[in-house]
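Here's the letter readout for the chains.
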Amino acid sequence: MNHSKALVIFGATGDLAQKMLFPSLYFLEADGLLPEGISILGTARGEVDFAGKVQASVKERAGADFSEQAWARFAKRLDYVAGDAQQDDLYKALAAKLKGAQEIVFYLAVSPDFFGAIALHLKAAGLAHKGARIAVEKPLGHDLPSCLKIEQALETAFTEDRIFRVDHYLGKETVQNLLALRFANTLFEPLWNKDSIEHVQITVAETVGAGGRWSYYDHYGALRDIVQNHMLQLLCLIAMEVPANLEPDSVRNEKVKVLRSLRPIGAGEVESQTVRGQYTKGYTDGAAVPGYTQEKDGGESDTETFAAIAAHIDNWRWAGVPFYLRTGKRLASRSTQIVVQFRPVPHSIFSRRGLVANRLTIRLQPEEEISLSLMNKTPSLDQGGMQLKPLSLNLNLIDAYKKTRRRIAYERILLDALAGNQTLFVRRDETETAWAWVDAIADGWKDREMKPLPYAAGSSGPPAQYALTERNGDAWVE
Ligand code: BG6
């Protein structure tokens, strides 16, 4: 291989690489966005027809967008080395392939259990040189101690400016759009605080179950798999102060301040501030599906597949404003959204009936959409007083950008990792602060022996979640 730039993907035959990374790289190729002359080297244990496998995955994802010309260009960049990531031999083979490559990104699409070992092997093989970066997928460990262990290994081989901690939510268009919405408009920022906002809710609802990832998932659960990373990142972007600019550290400084201001939830609070759930058998999209423990032979488990948390950010801007977080698998529908609930008018000159406080809804999935509910007069000549109704002011991103293909979040992530731009990657202190907050909840659950409450697959999750918001006079928005 005689390229000066290379991307090396560990776990290249795995699910993440095949379903997300290679299709994303192919799309970047098709759009002419891959760095000139870059080679893409996959590595995994087994001997496979690598190009054939990647092509099948790309075709499946691209569908009608598949182009033979783009594929031909892409295929020329591909190479593969089979080997065991824990053995020196693999790194010798990689070093031989990477001879002359001055800029390399090592992307670890493998279990976090291997992160530390791979980083150390790369260093030993002389592959962690100044031109090399490492990208690691979440979750970074299972808790703060295991995260620190991985971090130490990463740090031995790579400096912080060369470590790219991936949270693919940050690559989603609407997530980046949060920055634009907040900081490229004057409309919201003066209202973006405890005086005008009653509460914020963030929901990540999925219809899929743990399925083929059961063994991984069972070790993590919803709190560690989704809340620790994706949801806390969303919360940071909603709650942070305006950064000085868009430089990586300016943005990340503001995010970590939010994480540090999160009020700890421990054994004394878990029962009133959190809800755990686990799905039992039910129906998803009209089909009968097994319960979580039935997905694994003889499986018994106390792992939560649903978590809801009433969080608070103890700072001037957000004092007293609940941030409700809720995520679960096998729920009624797939929906990821952030709801910013504004306060009601302080005094109504209208009849109270039908007066609904403004609400900003930022929908990430299934469709990307931003809408603001506003009170409006219903056209009528009714003499019994003015009739009002909330109507939506919609930023329909699908209609606004009809011709634009909806990009995979990993396209942005890969492009930025290749360009060395860390703005959309998580800094070490963010990960560690997030773990410390999450660990206290997990420890609290253990301490209080809080078992997950059952909910039927295809339902909205355990009913106990409603008490979490109702206690403060709030309600989940479905
Ligand atoms: C991953 C989690 O990080 O995010 C999965 O490990 C989850 O459990 C997935 O299904 C959700 O991502 P998205 O982009 O489909 O919302």
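As shown above, the structure is provided for reference.
From a predicted model like this one, the values you see are computed outputs, not experimental measurements.

Asker: Which residues make up the nonpolar core, and what values do they have?
Answerer: If you look at the biggest cluster of nonpolar residues, it comprises 102 residues, and the most contacted ones within it are Phe10, Phe106 and Trp437. The dominant element in this core, judged by the number of residues it contributes, is helix 8 (residues 214-239), at 14 residues. Other than its neighbours up to four places away in sequence, tryptophan 437 contacts Val227, Leu232, Leu262, Arg263, Pro264, Ile265, Ile309, Ala311 and Leu325. Of all hydrophobic cores here, the second largest spans 37 residues; its members include Phe22, Leu34, Ile408 and Phe425.

Asker: Which residues make up the side chain of glutamate 430, and what are the values?
Answerer: Mapped onto the elements of the fold, glutamate 430 is located in helix 13 (residues 428-447). A polar contact of 2.9 Å, which involves the side chain of glutamate 430, links it to the backbone nitrogen of arginine 427. Once residues lying within four places of it in the same chain are set aside, the contact partners of glutamate 430 are Gln233, Arg252, Lys255, Val256, Leu259 and Phe425.

Asker: Please set out the pairing of strand 1 (residues 5-10) residue by residue, giving values where relevant.
Answerer: Most of strand 1 sits out of view: five of its six residues are buried. Strand direction decides the pairing type here: strand 1 and strand 2 (residues 38-44), joined by six bridges, are parallel. If you follow alanine 6 over to strand 2, its bridge partner there is serine 39. Chirality of the crossover, the property in question, places the unit of strand 1, helix 1 (residues 15-30) and strand 2 among those that are right-handed.

Asker: Provide a residue-level description of the packing of helix 8 against helix 9 (residues 248-261), including the pertinent values.
Answerer: Relative to each other, helix 8 and helix 9 sit at 110°, their axes nearing to 9 Å. As far as their axial angle goes, helix 9 and helix 8 are roughly perpendicular. Listed contacts from helix 9 to Leu232, Gln233, Leu235, Cys236, Leu237 and Ala239 of helix 8 are Lys255, Val258 and Leu259. Tallied by class, the residues present in the contact of helix 8 with helix 9 amount to seven nonpolar, one polar and one charged.

Asker: Break down the site of the ligand for me, with residues and values.
Answerer: Around the ligand sit Lys138, His168, Tyr169, Lys172, Glu206, Arg213, Asp225, Ile226, His230, Lys329, Arg334 and Gln365, and those are all the residues in its vicinity. Between the ligand and histidine 168 there is a distance of 2.8 Å, counted from an oxygen atom to a side-chain nitrogen or oxygen. Lysine 172 has a polar side-chain atom sitting 2.6 Å from an oxygen atom of the ligand. Alone, the ligand offers 400 Å² of accessible surface; in the complex the protein occludes 81% of this. A breakdown of the residues in the shell around the ligand according to their chemical character gives two nonpolar, three polar and seven charged.

What counts and how
- Residues numbered from 1 in each chain as written.
- Predicted model: local features only at pLDDT ≥ 70, side-chain atom pairs only at ≥ 80, totals over all residues.
- Heavy atoms only, no water.
- Core = buried A, V, L, I, M, F, W, Y, C linked by side-chain atoms within 4.5 Å.
- Buried < 20%, exposed > 50% of the residue type's maximum accessible area, 1.4 Å probe, protein only.
- Helix = DSSP H or I, 4+ residues; strand = E, 2+ residues; numbered from the N terminus.
- Contact = heavy atoms within 4.5 Å.
- Polar contact = N/O pair within 3.5 Å; in protein donor to acceptor, adjacent residues only side chain to side chain.
- Pairing = 2+ DSSP bridges.
- Right-handed = clockwise from strand over helix to strand, strands pointing away.
- Axes fitted to C-alpha atoms, helices over the stretch in contact; angles between N-to-C directions.
- Parallel < 35°, antiparallel > 145°, perpendicular 65-115°, else oblique.
- Nonpolar A, V, L, I, M, F, W, Y, C, P; charged D, E, K, R; others polar.
- Near = heavy atom within 4 Å.
- Areas by Shrake-Rupley, 256 points an atom, 1.4 Å probe, with all protein chains shown as cover.

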